[in-house]
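# Report on the structure
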Amino acid sequence: YPPLLEAGLAAALRLAAVSAGIPATVDVEAGASYPPEVAETVYLCWVEVLEYADAASRPAVSVRAENGWVSFEIVLPGARFDAGLEPLLDRAEALGGRLTIQTEADGLTRVSGSFPVAR
(Lines give C-alpha, C1' and ligand atoms only; values in the text may rest on other atoms or scores of the structure.)
Protein backbone atom coordinates (compact mmCIF):
# COMPACT_ATOMS: atom_id res chain seq x y z
CA TYR A 1 0.00 0.00 0.00
CA PRO A 2 1.71 3.23 -1.13
CA PRO A 3 2.10 5.46 1.96
CA LEU A 4 1.06 8.57 0.06
CA LEU A 5 -2.45 7.09 -0.26
CA GLU A 6 -2.87 7.75 3.46
CA ALA A 7 -3.47 11.41 2.50
CA GLY A 8 -6.36 10.29 0.30
CA LEU A 9 -6.75 9.11 -3.27
CA ALA A 10 -7.24 12.58 -4.77
CA ALA A 11 -4.05 13.90 -3.20
CA ALA A 12 -2.09 10.83 -4.28
CA LEU A 13 -3.29 11.11 -7.88
CA ARG A 14 -2.42 14.80 -8.03
CA LEU A 15 1.00 14.25 -6.49
CA ALA A 16 1.78 11.46 -8.97
CA ALA A 17 1.08 13.83 -11.88
CA VAL A 18 3.12 16.64 -10.33
CA SER A 19 6.01 14.26 -9.63
CA ALA A 20 5.91 13.11 -13.25
CA GLY A 21 5.88 16.73 -14.43
CA ILE A 22 2.65 16.15 -16.35
CA PRO A 23 -0.23 18.66 -16.30
CA ALA A 24 -3.31 16.58 -15.58
CA THR A 25 -6.93 16.77 -14.48
CA VAL A 26 -7.92 14.87 -11.34
CA ASP A 27 -11.63 14.64 -10.54
CA VAL A 28 -12.35 12.79 -7.30
CA GLU A 29 -15.33 13.46 -5.05
CA ALA A 30 -14.35 15.72 -2.16
CA GLY A 31 -13.97 13.81 1.08
CA ALA A 32 -14.52 10.45 -0.60
CA SER A 33 -13.01 7.40 1.03
CA TYR A 34 -12.34 4.19 -0.87
CA PRO A 35 -11.28 0.72 0.25
CA PRO A 36 -7.45 0.63 0.35
CA GLU A 37 -7.14 -2.13 -2.26
CA VAL A 38 -9.38 -0.22 -4.68
CA ALA A 39 -7.56 3.09 -4.11
CA GLU A 40 -4.24 1.36 -4.68
CA THR A 41 -5.41 -0.21 -7.94
CA VAL A 42 -6.69 3.13 -9.28
CA TYR A 43 -3.44 4.80 -8.22
CA LEU A 44 -1.29 2.13 -9.89
CA CYS A 45 -3.27 2.43 -13.13
CA TRP A 46 -2.80 6.22 -13.06
CA VAL A 47 0.95 5.92 -12.45
CA GLU A 48 1.26 3.47 -15.35
CA VAL A 49 -0.66 5.78 -17.70
CA LEU A 50 1.51 8.73 -16.66
CA GLU A 51 4.53 6.78 -17.93
CA TYR A 52 3.13 7.21 -21.46
CA ALA A 53 2.01 10.83 -21.06
CA ASP A 54 3.81 14.04 -21.89
CA ALA A 55 3.05 17.66 -21.09
CA ALA A 56 1.03 18.06 -24.29
CA SER A 57 -1.22 15.02 -23.72
CA ARG A 58 -2.89 16.34 -20.53
CA PRO A 59 -4.26 13.07 -19.12
CA ALA A 60 -7.37 13.07 -16.92
CA VAL A 61 -8.67 10.75 -14.23
CA SER A 62 -12.10 10.69 -12.61
CA VAL A 63 -13.29 8.49 -9.74
CA ARG A 64 -16.87 8.03 -8.54
CA ALA A 65 -18.65 5.86 -6.00
CA GLU A 66 -22.32 4.97 -6.39
CA ASN A 67 -24.68 2.07 -5.88
CA GLY A 68 -22.05 -0.01 -4.08
CA TRP A 69 -19.40 0.37 -6.80
CA VAL A 70 -16.31 2.52 -7.26
CA SER A 71 -15.72 3.41 -10.91
CA PHE A 72 -12.87 5.27 -12.53
CA GLU A 73 -11.81 6.40 -15.97
CA ILE A 74 -8.43 7.60 -17.16
CA VAL A 75 -8.23 9.36 -20.52
CA LEU A 76 -4.90 9.85 -22.29
CA PRO A 77 -5.06 11.74 -25.59
CA GLY A 78 -2.45 11.11 -28.24
CA ALA A 79 -0.69 8.16 -26.67
CA ARG A 80 -1.30 4.60 -27.71
CA PHE A 81 -0.40 1.79 -25.35
CA ASP A 82 -1.62 -1.52 -24.08
CA ALA A 83 1.38 -2.77 -22.13
CA GLY A 84 2.05 -2.48 -18.43
CA LEU A 85 -1.49 -2.94 -17.19
CA GLU A 86 -1.70 -6.73 -17.51
CA PRO A 87 -0.91 -7.36 -13.82
CA LEU A 88 -3.58 -4.82 -12.91
CA LEU A 89 -6.17 -6.68 -14.99
CA ASP A 90 -5.62 -9.71 -12.77
CA ARG A 91 -5.71 -7.53 -9.66
CA ALA A 92 -9.06 -6.01 -10.71
CA GLU A 93 -10.56 -9.46 -11.22
CA ALA A 94 -9.26 -10.60 -7.82
CA LEU A 95 -11.11 -7.65 -6.27
CA GLY A 96 -14.33 -8.72 -7.99
CA GLY A 97 -14.11 -5.88 -10.48
CA ARG A 98 -13.12 -5.29 -14.06
CA LEU A 99 -10.62 -3.18 -15.93
CA THR A 100 -10.77 -2.29 -19.62
CA ILE A 101 -8.31 -0.60 -21.94
CA GLN A 102 -9.53 0.93 -25.20
CA THR A 103 -7.44 2.76 -27.77
CA GLU A 104 -9.26 4.66 -30.48
CA ALA A 105 -7.99 5.26 -34.01
CA ASP A 106 -6.95 8.83 -33.15
CA GLY A 107 -4.68 7.53 -30.37
CA LEU A 108 -6.99 8.40 -27.47
CA THR A 109 -6.64 5.73 -24.80
CA ARG A 110 -9.23 5.07 -22.09
CA VAL A 111 -8.55 2.93 -19.05
CA SER A 112 -11.65 2.31 -16.99
CA GLY A 113 -12.56 0.08 -14.14
CA SER A 114 -15.17 -0.64 -11.55
CA PHE A 115 -15.01 -2.44 -8.23
CA PRO A 116 -17.61 -3.47 -5.67
CA VAL A 117 -17.22 -1.49 -2.44
CA ALA A 118 -18.34 -4.31 -0.17
CA ARG A 119 -17.43 -7.91 -0.90
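Everything here concerns the structure above.
Before going into details, it helps to say that this report is about the structure given with it.

Here the focus is helix α1 (residues 9-20). Helix length check: α1, at 12 residues, gives a terminal C-alpha distance of 17 Å against a target of 16 Å (1.5 Å per residue), a fit within 8%. Within α1 the residues assigned to the buried category are L9, A10, A12, L13, A16 and A17. Buried residues along α1 sit against β1 (25-28), α2 (36-50) and β2 (60-66). A positive phi of about 70 degrees marks G21, the residue just after α1.

Remark: the centre distance and the inter-plane angle together describe each pair of aromatic rings, the angle taken between the planes. One pass over the structure, following the stated rule, counts 1 aromatic pair. With 6.2 Å between their ring centres and 5 degrees between their planes, F72 and F115 make a pair best called stacked. Here F72, found in strand β3 (residues 69-76), pairs with F115, found in strand β5 (residues 109-116); they are 43 residues apart in sequence, far enough to count as distant. For the cation-ring pair, R98 lies above W69, with the distance from its terminal atom to the ring centre recorded as 5.6 Å.

The next point concerns the packing of α1 against α2. Where α1 meets α2, the closest approach of the two axes is 10 Å, and the angle between their N-to-C directions is 15 degrees. As far as their axial angle goes, α2 and α1 are roughly parallel. Pair α1 / α2 crosses with right-handed handedness. In this structure, α1 contributes L9, A12, L13, A16 and A17 to the contact, and α2 contributes A39, V42, Y43, W46, V47 and L50.

Here we come to the sheet that holds β3. Pairing between the strands of a sheet is mediated by backbone hydrogen bonds and can be parallel or antiparallel. Within the open sheet, the 5 strands sit side by side as β1-β2-β3-β5-β4. Their pairing is mixed. Only two strands of the sheet have a single partner each, and these edge strands are β1 and β4 (98-103). Here the strands of the sheet are splayed against their neighbours by 10 degrees on average, with no regard to which way each runs. As paired elements, β3 and β5 share 8 bridges and run antiparallel to each other. Paired with L76 across the bridge in β5 is T109. Together, β1 and β2 form the strand contacts of α1, whose direction differs from that of β1 by roughly 175 degrees.

What follows is about the pairing of β3. Pairing analysis gives 7 bridges linking β2 to β3, with the strands arranged antiparallel. Looking at the pairing, R64 lines up with S71 of β3. Linking two consecutive strands that pair antiparallel, namely β2 and β3, is a turn of 2 residues; a positive phi of about 55 degrees is found at N67 within it.

Let us now look at the pattern of salt bridges. According to the stated counting rule, one finds 4 salt bridges in the structure shown. Two residues, R64 and D27, come together in a salt bridge whose shortest N-O distance is 2.7 Å. Of this pair, R64 sits in strand β2 while D27 sits in strand β1, placing them 37 residues apart in sequence. What makes R64 partly exposed here is its relative accessible area of 33%. Among the salt bridges present, the one from R110 reaches E73, with a minimum N-O distance of 3.4 Å. Of the two residues, R110 sits in strand β5 while E73 sits in strand β3, which places them 37 residues apart along the sequence.

Criteria and thresholds
- Residues numbered from 1 in each chain as written.
- Predicted model: local features only at pLDDT ≥ 70, side-chain atom pairs only at ≥ 80, totals over all residues.
- Heavy atoms only, no water.
- Helix = DSSP H or I, 4+ residues; strand = E, 2+ residues; numbered from the N terminus.
- Expected span 1.5 Å × (residues − 1).
- Buried < 20%, exposed > 50% of the residue type's maximum accessible area, 1.4 Å probe, protein only.
- Contact = heavy atoms within 4.5 Å.
- Phe/Tyr/Trp six-rings, centres within 6.5 Å; stacked < 30°, edge-to-face > 60°.
- Lys NZ or Arg CZ within 6 Å of the ring centre and 35° of its normal.
- Axes fitted to C-alpha atoms, helices over the stretch in contact; angles between N-to-C directions.
- Parallel < 35°, antiparallel > 145°, perpendicular 65-115°, else oblique.
- Left-handed = near helix turned anticlockwise from the far one by under 90°.
- Pairing = 2+ DSSP bridges.
- Salt bridge = Lys/Arg side-chain N within 4 Å of Asp/Glu carboxyl O.

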